[in-house]
Amino acid sequence: MKPERPRQLSTAEERRATVLRTAIGAFAARGYFGTTTTEVAKAAGISQAYVYRLFPNKESLFVAVVEHSFVQVRASLERAAAEARGSTPEVVLSAMGDSYARLISGSDGDSDLMLVQLQAQAAATSEPAVREAVRQGYARLVEYVRGASGGNERQVQEFFALGTLCHLIVSMGAGEVDAPWSRTLSAGIRHY
């Protein structure tokens, strides 16, 4: 008979990461208002009380999810800027735009990211803590894009405007529709 190995318990940080990953999927699917901490706890395989030990309330859990999504976007943009085939603002912004389009389409392996971003924007309209997390996330992204690309105000604004349009195109599947309106919205926009 083999001796039993002692059971290793997860650290709070490992559990926090597990809950966060689980919450991303839940919030992406059902939004801030449609998701309960009970559902997140069950999916993570822990008690709701333990979720509350890691995150004081649902709002703080959702804010952590929102902050995590901005970290993912920033990492994608950083990789793209580092790998850009030139250093002009146009080249760097184009590389970052392509990377972002891949990221929100799920072709980089994370199909929930765009949904979390959309859910965060929706919740920001009525939830002050979420609104502040979205504001701070965009503030950091705008400053990063400006610095990494060397783009002027107009170029940076257009980068974010096209990103928002890309969200719209991908979220409603406009690329799958062959109609004048969808061609107009999709013209020149990379979406995967």
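Here, the structure is the one placed above.
From a predicted model like this one, the values you see are computed outputs, not experimental measurements.

So, how was this worked out
Residues numbered from 1 in each chain as written. Predicted model: local features only at pLDDT ≥ 70, side-chain atom pairs only at ≥ 80, totals over all residues. Heavy atoms only, no water. Patch = residues over 30% accessible without salt bridge, like charges linked within 9 Å, V, L, I, M, F, W, Y side chains within 5 Å. Areas by Shrake-Rupley, 256 points an atom, 1.4 Å probe, with all protein chains shown as cover. Salt bridge = Lys/Arg side-chain N within 4 Å of Asp/Glu carboxyl O. Helix = DSSP H or I, 4+ residues; strand = E, 2+ residues; numbered from the N terminus. Buried < 20%, exposed > 50% of the residue type's maximum accessible area, 1.4 Å probe, protein only. Expected span 1.5 Å × (residues − 1). Contact = heavy atoms within 4.5 Å. Polar contact = N/O pair within 3.5 Å; in protein donor to acceptor, adjacent residues only side chain to side chain.

This next bit is on a nonpolar patch on the surface. A contiguous nonpolar patch, built from Leu168, Met172, Val177 and Trp181 and spanning about 340 Å² of accessible area, is present on the exposed surface. In this fold, Trp181 is placed in helix 9 (residues 180–186). A relative accessible area of 42% places Trp181 in the partly exposed class.

On to helix 8 (residues 153–171). Under the 1.5 Å per step criterion, the end-to-end length of helix 8 is 27 Å for 19 residues, consistent within 8% with the ideal 27 Å. For helix 8, the set of buried residues is Gln155, Val156, Phe159, Phe160, Gly163, Cys166, His167 and Ile169. Elements in contact with the buried residues of helix 8: helix 4 (58–83), helix 5 (89–105), helix 6 (113–124), helix 7 (128–149) and helix 9. A side-chain oxygen of the first residue of helix 8 lies 3.1 Å from the backbone nitrogen of Arg154; this N-cap is Asn152.

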